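A look at the structure
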Amino acid sequence: MLFAALWLMAEMARGTWLTGFGWGAVGYAHLDAPLAGYAPWVGAYGMTAIAAWLAAALAMLVAGGRAQPSRHAWGLGLAMAGVLALGVLVPQAVPAWSRATGALSVTLLQGNIAQDEKFEQ
């Protein structure tokens, strides 16, 4: 849990103070994965924390599994399986958060053009 908390704090600091690019969070990498079910409830930073916890738990499980597996390792493995299962099963039971109502037309502008080149083709 400590590893996940430290990773989350580093991610939030990088996204707000250091660069300001909050969309580069690790949680966005899990939007098309089993953790996607958690996105409506915990957001991208919560998904970052869950992913960091799962990574730390997996590392502890692998490192502890080299010796004879203990009761702690089995409990950790079951907790990891439960977190992944909830992320997959809960979205199936809960209705969709939003529904598409149609298409949206968007125009993109590029603002970094020198004024003397503005009307050149």
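Residues numbered from 1 in each chain as written. Predicted model: local features only at pLDDT ≥ 70, side-chain atom pairs only at ≥ 80, totals over all residues. Heavy atoms only, no water.

**Looking at the overall build of the protein**
Scanning the protein from terminus to terminus reveals three helices and zero strands. Along the protein, helices and strands appear, N-terminal first, in the series α-α-α. Residues classed as buried in the protein amount to 21% of the 121 residues present. Taking the intrachain contacts of the protein between residues at least 6 apart in sequence as the baseline, contacts between residues at least 24 apart amount to 44%. Taken as a whole, the protein presents about 9,400 Å² of accessible surface, with 67% of it coming from carbon and sulfur. (Helix = DSSP H or I, 4+ residues; strand = E, 2+ residues; numbered from the N terminus. Buried < 20%, exposed > 50% of the residue type's maximum accessible area, 1.4 Å probe, protein only. Contact = heavy atoms within 4.5 Å. Areas by Shrake-Rupley, 256 points an atom, 1.4 Å probe, with all protein chains shown as cover.)

**Considering the pattern of salt bridges**
Inspection of the entire model under this criterion finds one salt bridge. Across the pair Glu11 and Arg14 runs a salt bridge, and its minimum N-O distance is 3.1 Å. A residue pair is termed a helical-turn pair when its members lie 3 or 4 positions apart in one helix, as Glu11 and Arg14 do in helix 1 (residues 2–18) at three residues. Since its relative accessible area comes to 8%, Glu11 is described here as buried. On the basis of relative accessible area, Arg14 is assigned to the partly exposed category, the value being 24%. (Salt bridge = Lys/Arg side-chain N within 4 Å of Asp/Glu carboxyl O.)

**Observations concerning the packing of aromatic side chains**
One pass over the structure, following the stated rule, counts one aromatic pair. Relative to Trp7, the ring of Phe3 lies with its centre 5.7 Å away and its plane at 45°, an arrangement referred to as tilted. One end of the pair is Phe3 and the other is Trp7, both in helix 1 and four residues apart, which spans about a single turn. Classification of Trp7 as partly exposed rests on a relative accessible area of 39%. (Phe/Tyr/Trp six-rings, centres within 6.5 Å; stacked < 30°, edge-to-face > 60°.)

**Brief notes about the side chain of Thr48**
Note that Thr48 resides in helix 2 (residues 39–65). Not counting chain neighbours up to four residues away, the residues in contact with Thr48 comprise Trp7, Glu11, Ala25, Val26 and Gly27.

**A closer look at helix 1**
Over its 17 residues, helix 1 runs 22 Å from end to end, which matches the ideal 24 Å to within 8%, given 1.5 Å per residue. Along helix 1, the residues that are buried comprise Ala4, Glu11, Ala13 and Gly15. (Expected span 1.5 Å × (residues − 1).)

**Quick look at a nonpolar patch on the surface**
Taken together, the side chains of Phe21, Trp23, Tyr28 and Leu31 define a hydrophobic patch exposed on the protein surface, amounting to about 470 Å² of accessible area. Among the structural elements, Trp23 can be located in the loop between helix 1 and helix 2. (Patch = residues over 30% accessible without salt bridge, like charges linked within 9 Å, V, L, I, M, F, W, Y side chains within 5 Å.)

**A short note on the nonpolar core**
If you look at the biggest cluster of nonpolar residues, it comprises 13 residues, and the most contacted ones within it are Leu35, Tyr38, Ile50, Trp53, Leu54 and Val83. Only helix 2 and helix 3 (71–93) provide two or more residues apiece to this core. The biggest single contributor to this core is helix 2, with seven residues. If we skip the residues at most four places from it in the chain, Trp53 touches Met1, Ala4, Leu76, Ala79, Met80 and Val83. (Core = buried A, V, L, I, M, F, W, Y, C linked by side-chain atoms within 4.5 Å.)

**What to know about the confidence of the model for the protein**
Looking at the protein, the pLDDT average stands at 77 and 81% of residues meet or exceed 70. The lowest-confidence element of the protein is helix 3, averaging 74 in pLDDT; the highest-confidence one is helix 1, averaging 82. (pLDDT = per-residue confidence, 0-100.)

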